[in-house]
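Letter by letter, the chains look like this.
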Amino acid sequence: MTRKTALVTGASSGIGAVYAEKLADRDFDLVVVARDIDRLNQLADTLSEKHGVSITPIPADLSKSNDIKRVLSAIYEDKSLELIVNCAGIGPKGSVLSSDAEDLSGMVYLNVDILHTLTVTAAKTFADRGKGGIINIASVVALMPERFNPTYVASKAFVLALTQALAVELEPRGVQIQAVLPGFTRTEIFDRAGIDINVIPADMMMDADEMVTAALAGFDRGETVTIPSLEEASLWQKMEEARLGLAPFLSLKHSATRYGVGQKT
């Protein structure tokens, strides 16, 4: 019997490492992708010994063309692959106005371009096979653009929109896709960004283990968008209903009368 395999990017630490652990516990063989080969090998040894699954480490800097090609080849060629989890990404080190333009471009390239490439490749591959799943890690800041670094916010809004739009194409092809929108999550990203995690109120900070467990529960339920900390699901449903309610008014022959542009006929 063919075993099932999941590919996890950004797997050497944080949310990606937790996904690898949880999926190994669900009896997935794993392809784990990250830049840190030592951590990847340690993760592979630990999970293989603990769960008895096969772990294939792919050390890769996804911003480099040769490395991303190797990961894409793994998606194309591994017939047992049933799930891809896109965790790789970087956060900001301050405001846009205080950031280096090259750093901002690098963040967009990894958070948007690379995720898009991985997502579309997996979507086409899984659609051809008639099964599979894609999990994209976005962020709640996609819903609160005024509250955070604009470039980072925009990159996560792209992830959310891509996932919602692609879900429409994938559903009839037997493929599931999910966007996960965590809030503050206890990972190394704060150290890398030079942010003191202690300045964030404790009641706003979720442990990565709990976040991923909730996100996988949402995936099991077939949710396209999962917000792990949102208690009242009806709030999201109402927002979606309001958004969809705009549809009949978004593209019309004439402009709204409040703009005073000519006579409506």
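Preceding this paragraph is the structure being described.
Okay, so let's go over this structure. (Residues numbered from 1 in each chain as written. Predicted model: local features only at pLDDT ≥ 70, side-chain atom pairs only at ≥ 80, totals over all residues. Heavy atoms only, no water.)

A closer look at the nonpolar core
Stage number 1. One finds Y19, L23, L30, V32, L83, V85 and I135 to be the most contacted residues of the largest nonpolar core, which totals 32 residues.
Stage number 2. If you list the elements that add at least two residues to this core, you get β1 (5–9), α1 (14–25), β2 (29–34), α2 (37–51), β4 (81–86), β5 (132–137) and α7 (208–220).
Stage number 3. Look past the residues within four positions of Y19 in its chain and what remains in contact with it is V8, V85, C87, I135, I137, V180, V212, A215 and L216.
Stage number 4. Counting residues in hydrophobic clusters, the runner-up holds 27 residues, among them A88, I114, A122 and L170. (Core = buried A, V, L, I, M, F, W, Y, C linked by side-chain atoms within 4.5 Å. Buried < 20%, exposed > 50% of the residue type's maximum accessible area, 1.4 Å probe, protein only. Helix = DSSP H or I, 4+ residues; strand = E, 2+ residues; numbered from the N terminus. Contact = heavy atoms within 4.5 Å.)

Description of the packing of helix α3 (residues 65–77) against helix α4 (residues 101–129)
A packed helix pair is summarised by two numbers, namely the angle formed by the two axes and the spacing between the axes.
Stage number 1. Two elements in contact, α3 and α4, have axes whose closest approach is 9 Å; the angle formed by their N-to-C orientations is 15°. On the basis of their axis angle, the class for α3 and α4 is roughly parallel. The way α3 lies across α4 gives a crossing that is right-handed. Seen from α3, the contacting residues are I68, V71, L72, I75 and Y76; seen from α4, they are I114, T117, L118, T121, A122, T125 and R129.
Stage number 2. Its residues assigned to classes, the contact of α3 with α4 shows eight nonpolar, three polar and one charged. (Axes fitted to C-alpha atoms, helices over the stretch in contact; angles between N-to-C directions. Parallel < 35°, antiparallel > 145°, perpendicular 65-115°, else oblique. Left-handed = near helix turned anticlockwise from the far one by under 90°. Nonpolar A, V, L, I, M, F, W, Y, C, P; charged D, E, K, R; others polar.)

Some words on the sheet that holds strand β3 (residues 55–59)
Stage number 1. The parallel open sheet is built from seven strands, whose spatial order is β3-β2-β1-β4-β5-β6-β9. With partners counted over all chains shown, the strands left at the sheet margins are β3 and β9 (225–226), one partner each.
Stage number 2. One ladder, built from six bridges, connects β5 with strand β6 (residues 175–180); its direction is parallel. From the neighbouring strand, I135 faces β6, where its bridge partner is Q178.
Stage number 3. The strands that α7 touches are β4, β5, β6 and β9; relative to β6, the one it contacts most, it runs at about 145°. (Pairing = 2+ DSSP bridges.)

Digging into the pattern of salt bridges
Stage number 1. Tallied over the full model, the rule gives nine salt bridges.
Stage number 2. Where K22 meets D209, a salt bridge forms, and the shortest distance between an N and an O atom there is 3.0 Å. Of this pair, K22 sits in helix α1 while D209 is found in helix α7, placing the two residues 187 residues apart along the sequence.
Stage number 3. D209 sits in the partly exposed class, given a relative accessible area of 43%.
Stage number 4. A salt bridge links D128 to R173; the nearest nitrogen and oxygen atoms lie 3.8 Å apart. Of the two residues, D128 is situated in helix α4 and R173 in the loop between α5 (150–170) and β6; the sequence distance between them amounts to 45 residues.
Stage number 5. With a relative accessible area of 66%, D128 lands in the exposed category.
Stage number 6. Sharing partners across several salt bridges, the network here consists of R3, D27 and D29. (Salt bridge = Lys/Arg side-chain N within 4 Å of Asp/Glu carboxyl O.)

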